[in-house]
Amino acid sequence: MNVLLIVPPIQDAFFTTKRNFPLGVLYLATVLKEDGIKVKLLNSLEENKKISLTFPKEFNYLKRYYKPNKLPFSLFQGFFHFGLTYEEISQVVRAYNPQLVGISANFSPYFFSALEVVRRVKEINNNITVVVGGRVATEFPEFVLDYPYIDFAIRGEGEFALSKLCRGLAKGSLGRIGGLCYRVNNKIKISSQIQIIKDLDKLPLVDRKLINYRNYRFKGLISTAIIASRGCYLDCRFCSIKEPFRARNVEKILEEMEIAYSLGIRHFNFEDDNINLHPQKEKLVDLIISHFSNRNEKIKLSFMNGIMAKGLSKRLIDKLLMCGLTHIDFSLVSSKKRLRLYLGRREENKIMISKTNYLAQKGIPVTIHFITGFPSQKFKDALEDIIYLSKQRAFLGMGIFYPVLGKGLLNEQANSDYIKNNIIFFRSSFAYFDRDISRDRIFFLFYIARIVNFVKLIIDTYNLNNENFYSFIYKFNNSNLNKSYIISEEKIDRITLGIMALNKIFKERDIFRVISIKDKDKFVYQFIKEDFISSKDLNLLFKNKLEIRGVRTNNYIYLS
């Protein structure tokens with residue numbers, strides 16, 4: 001049996017190629033290969049391709065916020081198709097001629113991109129068996145199988161279930177497969193089981209040669225994703241991960257890293273945000289040090305998905321530095337204790353900030369993530385998050401609240417029909433809810449967080465402090481800056497434009513975007529006021545005399 005596993009393209013306002021490694025689907029492909037099944041993996045997001053699209057009518061409200069902008073702290077600037085086109089995917093399907101196609105639908109708002117891939121597959125050959133897995137299939141298998149050209153849905157961790165399905169189809173008899181959902185006589189049969197692989201070491205080590213692994217890069221290094229665990233023992237109300245926490249054997253992890261190193265891979269990003277809960281995390285780090293620290297070509301480690309500060313001792317941080325630690329992301333969620341309790345988040349600010357400061361002293365940049373716009377949060381709460389984090393030695397990672405499938409806030413707020421009808425909006429870039437905090441205010445805060453990050457960057461880059469910051473940025477003043485445009489003999493780089501924009505923001509107490517206007521002989525840049533920004537909110541921000549501290553340096557300025 002020929003099997004083709006597809007990671008669909010996505011359509012959204014943004015996408016980061018730092019997170020496009022198809023680790024989950026690669027586990028599926030490896031298990032199939034180990035079981036003697038011919039398999040090909042097509043990651044539509046492997047290449048950095050982007051096609052500009054017009055906003056679908058249901059997303060037209062985003063035009064108010066997402067506009068062309070040359071500034072380094074701009075919001076998103078449109079709506080795009082990221083990855084291979086549907087026709088390019090169809091060409092691969094025709095050439096490979098699979099008997100079964102497996103589609104990953106792990107992120108609910110992108111389900112309809114997966115659905116379009118499925119539709120194209122069935123147009124090519126209606127006899128191709130189509131299987132959909134991922135979070136959408138796990139939580140709403142009936143919704144998935146409402147579409148007649150999807151033959152099967154698998155709930156939960158589907159590596160072994162998919163392999164059993166392939167072997168059963170080849171034999172003409174399925175037998176009992178936990179987590180498998182399908183139709184019988186036009187009725188949908190739903191498995192009550194959600195597959196959990198209790199012993200992760202039963203999974204084979206992923207075969208990175210099943211993909212074009214050299215195409216995945218981080219700062220010039222061949223990069224890969226890796227996990228030390230699955231699941232979570234926490235019960236945060238905003239999260240969909242409710243599977244029990246399970247840890248991999250550290251010797252197995254090291255073996256996987258050794259194989260990856262032999263392939264030329266030098267950057268390892270640990271995807272599991274609960275790696276700090278691993279009972280043998282320090283042993284793992286010790287093994288990495290002993291096996292890689294003396295190599296001529298050093299490795300780099302990162303934790304882009306974020307980890308909890310709890311359990312991350314200074315001693316462990318020092319060891320991670322010996323492993324080539326590049327940066328760490330922490331997850332604050334909210335600076336307000338009452339809101340963290342409401343959300344079920346068990347993380348103390350003091351611990352996180354202590355670790356942030358220690359990492360900063362060691363030269364490791366930290367990004368602290370927080371959520372804005374969730375139910376029960378008020379504008380003042382969200383603004384105070386920005387004020388609190390601006391004075392820390394960390395970049396701000398503001399995420400706009402969006403519902404996720406499964407237990408928690410979404411189920412408390414809506415019934416299943418509502419979820420199915422609105423699933424395409426459930427993404428951070430769409431600011432779907434416009435209730436406790438208005439959408440205009442959410443995007444205002446998003447803008448401010450990005451401006452704060454830019455200020456932190458120039459503080460660090462030019463070693464600025466409160467005494468020399470303003471004199472430095474005023475050097476970039478321009479005779480036309482008080483007008484609505486800048487005329488220049490030469491092209492102005494984004495950083496310089498950003499500093500010029502700061503001048504204008506500080507002087508006029510307004511937020512602007514910048515567009516370039518074509519001119520035969522000169523470069524013309526026009527400043528346009530953002531119409532969704534409230535002067536009242538801006539004045540409130542300046543009234544607080546916002547302290548912004550660097551990340552790599554301990555310098556600070558007061559925004560005045």
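Structural notes, computed from the coordinates. For clarity, every value in this text was computed on a predicted model and none was experimentally measured. (Residues numbered from 1 in each chain as written. Predicted model: local features only at pLDDT ≥ 70, side-chain atom pairs only at ≥ 80, totals over all residues. Heavy atoms only, no water.)

## Observations concerning the nonpolar core
Note the following rule: The nonpolar core is taken to be a set of buried Ala, Val, Leu, Ile, Met, Phe, Trp, Tyr and Cys residues, with the residues joined through side-chain atoms within 4.5 Å. Here's how the labels work: a residue is buried when its accessible area is under 20% of the maximum for its type, exposed when over 50%, partly exposed in between, all with a 1.4 Å probe on protein chains only. Any two residues whose heavy atoms approach within 4.5 Å at even a single point are treated as in contact.
Core analysis: the biggest nonpolar cluster contains 197 residues, and Leu-162, Met-257, Phe-270, Phe-330, Phe-443 and Phe-469 have the highest contact counts within it. In this structure Phe-469 touches Val-455, Ile-458, Ile-459, Leu-464, Leu-502, Phe-506 and Ile-557, once residues within four positions along its chain are discounted.

## Quick look at the sheet that holds strand E4 (residues 50–53)
Counted only if it meets this: By definition, two strands form a pair when at least two bridges between them are found by DSSP. Secondary structure elements are taken from DSSP: a helix is a run of H or I of four residues or more, a strand is a run of E of two residues or more, and numbering for both begins at the N terminus. Comment: axis = line fitted to C-alpha atoms, over the contacting stretch for helices; angle = value between 0 and 180 degrees taken between N-to-C directions.
With antiparallel pairing, the 3 strands of this open sheet are ordered in space as E2-E5-E4. Looking at strand neighbours, the two that pair on one side only are strand E2 (10–12) and E4, the edges of this open sheet. This sheet shows a mean twist of 25° between the axes of neighbouring strands, independent of strand direction. Inspection of the sheet shows E4 paired to strand E5 (residues 79–82) by 4 bridges, in the antiparallel sense. From the neighbouring strand, Leu-53 faces E5, where its bridge partner is Phe-79.

## Here we look at helix H18 (residues 535–543)
Let me state the cut-off plainly: The directions considered for the arc run from the helix axis to the C-beta atoms. What qualifies as a polar contact is a pair of N or O atoms within 3.5 Å, subject to a donor-acceptor requirement within protein and to the restriction that residues adjacent in sequence count only when both atoms come from side chains.
Taken together, the buried positions of H18 are Asp-537, Leu-538, Leu-541 and Phe-542. Here the buried residues of H18 occupy an arc of 135° about the axis, which is enough to place them on one side. Residues Lys-536 and Lys-543 are exposed on H18 and point more than 90 degrees away from its buried face. Where the residues of H18 are buried, they touch helix H12 (379–390), helix H15 (439–461) and helix H17 (494–508). The opening residue of H18 is Ser-534, an N-cap whose side-chain oxygen sits 3.2 Å from the backbone nitrogen of Lys-536.

## Things to note about the pattern of salt bridges
Heads up, the rule is: Counted as salt bridges are all cases of a side-chain nitrogen of Lys or Arg within 4 Å of a carboxyl oxygen of Asp or Glu.
Under the counting rule described, the total for this entry stands at 35 salt bridges. A salt bridge links Arg-295 to Glu-258; the shortest N-O distance between them is 3.0 Å. Of the two residues, Arg-295 is situated in the loop between helix H8 (281–292) and strand E16 (300–307) and Glu-258 in helix H7 (residues 250–262); the sequence distance between them amounts to 37 residues. Residue Arg-295 is classed as partly exposed on the basis of its relative accessible area of 23%.

## Overview of H17
Spelled out, the test is: Under the convention used throughout, the expected extent of a helix is 1.5 Å for every residue step, that is, one less than its residue count.
The terminal C-alpha atoms of H17, which comprises 15 residues, lie 21 Å apart, in line with the 21 Å expected from a rise of 1.5 Å per residue. For H17, every residue scored as buried is listed here: Thr-496, Leu-497, Gly-498, Ile-499, Met-500, Ala-501, Leu-502, Asn-503, Lys-504, Ile-505 and Phe-506. The inward-facing, buried residues of H17 contact H15, helix H16 (469–474), strand E20 (485–488), strand E21 (512–517), strand E22 (523–529) and H18. The backbone nitrogen of Ile-495 lies 3.1 Å from a side-chain oxygen of the residue at the head of H17, namely Asp-493. Count one or two residues on from H17 and you reach Arg-509, which has phi positive near 55°.

## A short note on the pairing of E21
Pairing of E21 with E22, which is carried by 6 bridges, proceeds in the antiparallel orientation. Note that in E22 the partner of Ile-517 across the bridge is Val-524. Between E21 and E22, which pair antiparallel in sequence order, lie 5 residues.

## Some points on the packing of helix H2 (residues 86–96) against helix H3 (residues 111–124)
Which entries qualify depends on this criterion: Roughly parallel means an angle under 35 degrees; roughly antiparallel means over 145; roughly perpendicular covers 65 to 115; every other angle is labelled oblique. Here is the rule for handedness: rotate from the far helix to the near one, and if that takes an anticlockwise turn smaller than a right angle the crossing is left-handed, while a clockwise turn gives right-handed. Polarity classes work like this: nonpolar for Ala, Val, Leu, Ile, Met, Phe, Trp, Tyr, Cys and Pro, charged for Asp, Glu, Lys and Arg, and polar for all others, with Gly in that last group.
Taken N-terminus to C-terminus, the directions of H2 and H3 make an angle of 45°; their axes are 10 Å apart at the nearest point. In terms of orientation, H2 lies oblique with respect to H3. Where H2 crosses over H3, the handedness of that crossing is right-handed. Contacts between H2 and H3 involve Tyr-86, Glu-87, Ile-89, Ser-90, Val-93 and Arg-94 on the former and, on the latter, Ser-113, Glu-116, Val-117, Arg-120, Val-121 and Ile-124. Considering only residue class, the contact of H2 with H3 consists of 6 nonpolar, 2 polar and 4 charged.

## Observations concerning the packing of aromatic side chains
Quick note on the threshold: Under the pairing criterion, centres of Phe, Tyr and Trp rings, with the six-membered ring standing for Trp, must be within 6.5 Å; the plane angle then separates stacked pairs below 30 degrees from edge-to-face pairs above 60, leaving the rest tilted. Remark: a charge is flagged as sitting over a ring if the NZ atom of Lys or the CZ atom of Arg is within 6 Å of the ring centre and within 35 degrees of the ring normal.
A full pass over the atoms with the stated rule returns 39 aromatic pairs. Aromatic pair Phe-15 and Phe-82: ring centres 5.9 Å apart, planes at 45°, arrangement tilted. On the criterion of sequence distance, the pair formed by Phe-15 in the loop between E2 and helix H1 (23–34) and Phe-82 in strand E5 is long-range, its members being 67 residues apart. Of note, Arg-237 hangs over the ring of Tyr-342, and the distance from its end group to the ring centre comes to 4.3 Å. Sitting over the ring of Phe-542, Arg-509 keeps its end group 3.9 Å from the ring centre.

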